[in-house]
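Below, each chain spelled out in residue letters.
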Amino acid sequence: SWAMPGAQPLQCHVCIIGYPRSGSTLLYLMVHECVESVRVYPKEMSAINIARRSLRNRRFLVTKRPLDTFWVDEIRDFYRRRRADCRFVALTRDPRSVLTSIHVKRDDYFVTIDRWKALRTHLEYVTTFDDVIRIDYRDIIESCDEVERRMSAFVNWSVKKPFRSFHVDRKSELVTRAMNGVRPLDSSALQKWRDPKHHGRIRELLEEIDDLPEFLIREGYESDTAWVNNYK
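Residues numbered from 1 in each chain as written. Predicted model: local features only at pLDDT ≥ 70, side-chain atom pairs only at ≥ 80, totals over all residues. Heavy atoms only, no water.

Colleague: What is the right way to read the pairing of strand β4 (residues 85-92) from this model?
Modeller: Sheet faces and side chains relate simply in a regular strand, where the side chains alternate between the two faces. Counting buried residues along β4, six of its eight residues qualify, which places the element largely inside the surrounding structure. With seven bridges joining them, strand β1 (residues 12-18) and β4 adopt parallel strand pairing. Across the sheet, His 13 pairs through a bridge with Cys 86, a residue of β4. Sheet analysis places β4 next to strand β5 (residues 132-136), joined by five bridges and oriented parallel. Each residue of the ladder has a partner; that of Val 89, found in β5, is Ile 133. (Buried < 20%, exposed > 50% of the residue type's maximum accessible area, 1.4 Å probe, protein only. Helix = DSSP H or I, 4+ residues; strand = E, 2+ residues; numbered from the N terminus. Pairing = 2+ DSSP bridges.)

Have a look at this one:
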């Protein structure tokens, strides 16, 4: 494909995958605002389609789409026969937050339990590979500098301003409706699932996800099952 003056050959396609409502738009915006020589797209698009059609005149191509979790093998196979590499950033989040999240464009819960279960199964497979790094939403909010460091080491790109300053002098034209507004990092988002209005939803999760309390302990979101007593 044609190249712009000063263009560089594509070095790596970074695919942001994982659970919906786990900070993919936030991280995507951080990358666009803070990383040098990166190409992104205004809205969510299929990574495999972008890989096949995109101009390769930036060192880094970054896409984000939770459903690409199911396409990791195909994306990897595409780049296996090409000079450029691919890397996957798998975003995770406390399922109680994912499954009580309400998108600005909808009035009901955005992620169904069945969809979460399907993604959970595939993420357990995907994250066994060396070209996948896992980042939790809590890490982005509470340890943003460490997330920046880990991603820079993983992809080998240069950062022009700190990830935590993504909202300062913002130039990006990315569609950010999913974030319900661009604002500084706020740790209160981690506990919104505790709002009494979600009480019935949490009880439903406990009924439909048999191992939810154990899963939360295993993933580090809880140290015990005492929280369940509030939903009996």
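Colleague: Where do I start with the sheet that holds β1 in this structure?
Modeller: One open sheet holds the five strands; their spatial order is β2-β3-β1-β4-β5, and the pairing between them is parallel. With one partner strand each, in any of the chains shown, β2 (38-39) and β5 form the two edges of the open sheet. Where helix α1 (residues 24-34) meets the sheet, it contacts β1, β2, β3 (60-64) and β4, and its direction lies at approximately 160° from that of β3. (Contact = heavy atoms within 4.5 Å. Axes fitted to C-alpha atoms, helices over the stretch in contact; angles between N-to-C directions.)

Colleague: Any chance you could explain helix α3 (residues 72-80) here in plain terms?
Modeller: Note on helix geometry: an α-helix contains 3.6 residues per turn, so any two residues three or four positions apart are oriented the same way. Those residues of α3 not exposed but buried are Val 72, Ile 75, Arg 76, Phe 78 and Tyr 79. What you see down the axis of α3 is that its buried residues fit within an arc of 155°, all on one side. (Arc of directions from axis to C-beta.)

Colleague: How do you make sense of the nonpolar core when you look at a structure like this?
Modeller: Where a protein is soluble and globular, its nonpolar side chains tend to be buried together. Ranked by size, the top nonpolar core spans 71 residues in total, and within it Leu 27, Trp 157 and Phe 163 carry the most contacts. At seven residues, the largest contribution of residues to this core is made by α1. (Core = buried A, V, L, I, M, F, W, Y, C linked by side-chain atoms within 4.5 Å.)

Colleague: Quick question: what am I supposed to make of the environment of Ser 24 here?
Modeller: Inspection of the secondary structure assignment puts Ser 24 in helix α1. Its relative accessible area of 8% is what places Ser 24 among the buried residues. For the pair Ser 24 and Thr 63, spaced 39 residues apart in sequence, the C-alpha to C-alpha distance is 9.8 Å. Once residues lying within four places of it in the same chain are set aside, the contact partners of Ser 24 are Ile 16, Lys 64 and Leu 91.

Colleague: Would you mind going over a nonpolar patch on the surface with me for this structure?
Modeller: A cluster of nonpolar side chains, contributed by Leu 67, Phe 70 and Trp 71, occupies part of the molecular surface with about 260 Å² of accessible area. Here Phe 70 lies in the loop between β3 and α3. (Patch = residues over 30% accessible without salt bridge, like charges linked within 9 Å, V, L, I, M, F, W, Y side chains within 5 Å. Areas by Shrake-Rupley, 256 points an atom, 1.4 Å probe, with all protein chains shown as cover. Salt bridge = Lys/Arg side-chain N within 4 Å of Asp/Glu carboxyl O.)

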